[in-house]
Amino acid sequence: MPFALVNRYMRTQRTFLLLYISIITFGLVLNLKHSLFHSKTLIPSLLIPRASAFVPTLVTPKMMDPDLSKSWLLRSNSAIGIHEAWKLSQGDKRIVVAIIDTGVDLNHSDLKENFWHNPKEIPNNGLDDDHNGLIDDILGWDFVHNTATPYDEHGHGTHVTGIIGAVKGNGIGISGICPYVSLMILKYYAPNSSGRKNLENTVRAFQYAIDNGAHIINYSGGGAEYSKEEHDMIVKAQEKGILVVAAAGNEKNNADEIAYYPASYDLDNIISVAALQKDGTLVHSSNFGVTRIDVAAPGYQIYSTLPNNQYGMMTGTSQATAVVTGIAALTLSKYGKLPATKIKELILASVNPMLSLKAKIKSGGSVNALTSLERADHETKNTF
Ligand SMILES: [Ca+2]
Ligand SMILES: [Ca+2]
């Protein structure tokens, strides 16, 4: 009997919330407390489009991924049209997605092939070859322990990573939404860290992603209090054309009244994501807001990778955020000429409108990978 799945991923100084991750296969329940300190103001945005372009890659899978049918996201009748979308693009290894989270299972057979490798760093020579102050930062960095091995002590980061970019066609497990991609792993969170430390590590992780060529940053976390340092770092990301996909939060709040950051920063390179159930309504715990929350995406009982080469289900806006990051990466892989803000515009314009979401979410609908790619194709032909 599956456990009910709830995700609480907060970082406020005053409020401690719990993350309950229930995995139906193994019955594992993990608790998480996450606290942070912020201040409060809003700064206007600045947009600079990215100029880089990518040649689309289409790769035929060699072997089936046996567990696709375990995920309602990845079945033949996928709510996001993923199989039809994969006929148009399955990604491109040149697309770099930074995942700022709890780290990853570095040995997971369904993930490791897709890890980003720092081209300016020589592995395991004990030197800081690229002179960024971090020794042997090959895959990203563990900002909690200041090491080059961002292992996942929690499970959350491994789960999010698989949704975005698990390896397709390798005969095991699942596929990520964007199965050909480079995943930069940046660990900011540990259960025992203070809230202030978690925020400091978040800002450092954003800086690393910006400095090392990320095109998209996935942030499946957040908190209720504003951080000028975090906001200004996302402005820096915007200046480089980097898209930030951020979770709406799991507090059942109207985010237009009670903000949740970084999702609620008023910046045009942030897509904020609510979580959807199979019936087209929001997950009970999902935040919403017609002004501050952009889209909804499947976030209920999503099957993905877990530490120790395992798989299991999790529910929440964290998972929904990873879905949107995957769609953004797919779209960017096929239409690299599009700036981050344009990718956001396309994803918002490509939602399946739903009456249940009309008064809850800015776009009034749920994301669709196929429509996003088709709309990008149409607009590219008419723009470039
Ligand atoms: Ca280095
Ligand atoms: Ca696989």
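What you see is a predicted model; the values in this text were computed from it and never measured. Starting afresh in each chain, residues are numbered from 1 along the sequence in its written order. Going through the entries in the order they are written, you letter the chains from A and number the ligands from 1. Local features in this predicted model are restricted to residues of pLDDT 70 or higher, and side-chain atom pairs are both shown and tallied only at a pLDDT of 80 or more, whereas totals for entire chains, interfaces and linings draw on every residue.

### What about the nonpolar core?
Generally speaking, nonpolar side chains in soluble globular proteins are found buried as a group.
Moving on, step 1. Core membership is restricted to buried Ala, Val, Leu, Ile, Met, Phe, Trp, Tyr and Cys residues, and these are joined into a nonpolar core through C-beta atoms within 7 Å. Three exposure classes are used, all based on how many other C-beta atoms lie within 10 Å of a residue's own C-beta (placed from the backbone): buried at 20 or more, exposed at 12 or fewer, and partly exposed between those limits. Residues Val97, Leu186, Ile217, Val323 and Val324 are the most contacted members of the largest nonpolar core, which totals 104 residues.
Moving on, step 2. Helix and strand assignments come from DSSP, with helices taken as H or I runs of at least 4 residues and strands as E runs of at least 2, each series counted from the N terminus. Take this core: its biggest share by element is nine residues, from helix H5 (residues 317-334).
Moving on, step 3. Each residue is represented by a C-beta atom placed from its backbone, and any two residues with such atoms within 7 Å are regarded as in contact. Setting aside residues no more than four positions away along its own chain, Val324 makes contact with Val245, Ile271, Val273, Val295, Ala297, Ile347 and Val367.

### Brief notes about the environment of Pro66
Moving on, step 1. Relative to the assigned elements, Pro66 resides in the loop between strand S2 (29-30) and helix H1 (82-88).
Moving on, step 2. Given 11 C-beta atoms within a 10 Å radius, Pro66 is considered exposed.
Moving on, step 3. Taking the C-alpha atoms as reference, Pro66 lies 5.7 Å from Gly173; in sequence the two are 107 residues apart.

### Looking at the packing of H5 against helix H6 (residues 340-349)
Moving on, step 1. It is the contact of H5 with H6, at a shortest axis distance of 10 Å, that shows an interaxial angle of 115°. Like other packed secondary-structure pairs, H5 and H6 cross with a definite hand, here right-handed. Residues Val324, Ile327, Ala328, Thr331 and Leu332 of H5 pack against Ile343, Leu346 and Ile347 of H6.
Moving on, step 2. For this classification, Asp, Glu, Lys and Arg are treated as charged, while Ala, Val, Leu, Ile, Met, Phe, Trp, Tyr, Cys and Pro are nonpolar and the rest, including Gly, are polar. When its residues are assigned to classes, the contact of H5 with H6 shows seven nonpolar, one polar and no charged. Only the contacting stretch of a helix is used when fitting its axis, a line to C-alpha atoms as for every element, and angles between N-to-C directions run 0 to 180 degrees. Crossing handedness is read from the near helix: turned anticlockwise from the far helix by less than a right angle, it gives a left-handed crossing, and turned clockwise, a right-handed one.

### As for helix H4 (residues 228-239)
Every α-helical turn comprises 3.6 residues, leaving residues that sit three or four positions apart pointing alike.
Moving on, step 1. Between its terminal C-alpha atoms H4 stretches 16 Å, which fits the 16 Å expected from 12 residues at 1.5 Å a residue.
Moving on, step 2. Those residues of H4 not exposed but buried are Glu230, His231, Met233, Ile234, Ala237 and Gln238. Each buried residue of H4 sits inside an arc of 160° when the element is viewed along its axis, so together they form one side.
Moving on, step 3. Lining the buried residues of H4 we find helix H3 (195-211), strand S6 (216-219), strand S7 (243-247) and strand S8 (270-276).
Moving on, step 4. Looking one or two residues beyond H4, the residue adopting positive phi is Gly241, at roughly 75°. Multiplying 1.5 Å by the residue count of a helix minus one yields the expected span of that helix. Within this analysis, the arc is defined by the directions that extend from the helix axis to the C-beta atoms.

### A few points about the packing of H3 against H4
Moving on, step 1. Following both chains from N to C, one finds H3 and H4 inclined at 10°, their axes separated by 10 Å at the closest point. As judged from the angle between their axes, H3 and H4 are roughly parallel. The segment H3 lies against H4, with Leu199, Thr202, Val203, Phe206, Gln207 and Ile210 engaging Glu229, Glu230, Met233, Ile234, Lys236 and Ala237.
Moving on, step 2. Tallied by class, the residues present in the contact of H3 with H4 amount to seven nonpolar, two polar and three charged. Convention used here: angles under 35 degrees read as roughly parallel, angles over 145 as roughly antiparallel, angles from 65 to 115 as roughly perpendicular, and any remaining angle as oblique.

### Observations concerning the pairing of strand S11 (residues 310-314)
Moving on, step 1. With four of its five residues buried, S11 lies for the most part within the structure.
Moving on, step 2. Strands qualify as paired when DSSP identifies two bridges or more between them. Two strands pair when backbone bridges link them, and strand S10 (residues 302-306) and S11 are joined in this way by five bridges, in the antiparallel orientation. Note that in S11 the partner of Tyr303 across the bridge is Met313.
Moving on, step 3. Where S10 hands over to S11, the hairpin turn is made up of three residues, of which Asn308 adopts a positive phi near 65°.

### Considerations on the confidence of the model for the protein chain
Moving on, step 1. Scored between 0 and 100, pLDDT is the confidence that the predictor attaches to each residue. Per-residue confidence for the protein chain gives a mean pLDDT of 86, with 83% of residues at or over 70.
Moving on, step 2. Scored below 50 in pLDDT, residues 1-56 makes 147 contacts in the model with residues more than four places away or belonging to other chains.

### A look at unusual backbone geometry
Moving on, step 1. Look at the link from Tyr261 to Pro262: it is a cis peptide, with omega at 15°.
Moving on, step 2. If you trace the backbone, Pro262 turns up in the loop between S7 and S8.
Moving on, step 3. If you check the backbone angles, Asn308 has positive phi at about 65° while not being a glycine.
Moving on, step 4. In this fold, Asn308 is placed in the loop between S10 and S11.

### Quick notes on the pairing of S7
Along any regular strand, the residues point their side chains to alternate faces of the sheet.
Moving on, step 1. Counting buried residues in S7 gives five out of five residues, a clear majority hidden from the surface.
Moving on, step 2. As defined by bridge partners, S6 adjoins S7 across four bridges and the pair is classed as parallel. Along S7, the bridge assignment pairs Ile216 with Leu243.
Moving on, step 3. For a crossover, the right-handed case is the one in which the path from the first strand over the helix to the second runs clockwise, viewed with the strands pointing away from the viewer. Of the crossover connections in this fold, the one passing from S6 over H4 to the parallel S7 is right-handed.
Moving on, step 4. In terms of strand pairing, S7 meets S8 through four bridges, oriented parallel. Within S8, the residue paired with Val245 across the bridge is Ile271.

### Examining the environment of Pro119
Moving on, step 1. Along the chain, Pro119 falls in the loop between strand S3 (91-101) and strand S4 (140-142).
Moving on, step 2. A tally of 9 C-beta atoms within 10 Å means that Pro119 is categorised as exposed.
Moving on, step 3. Taking the C-alpha atoms as reference, Pro119 lies 9.0 Å from Asp130; in sequence the two are 11 residues apart.

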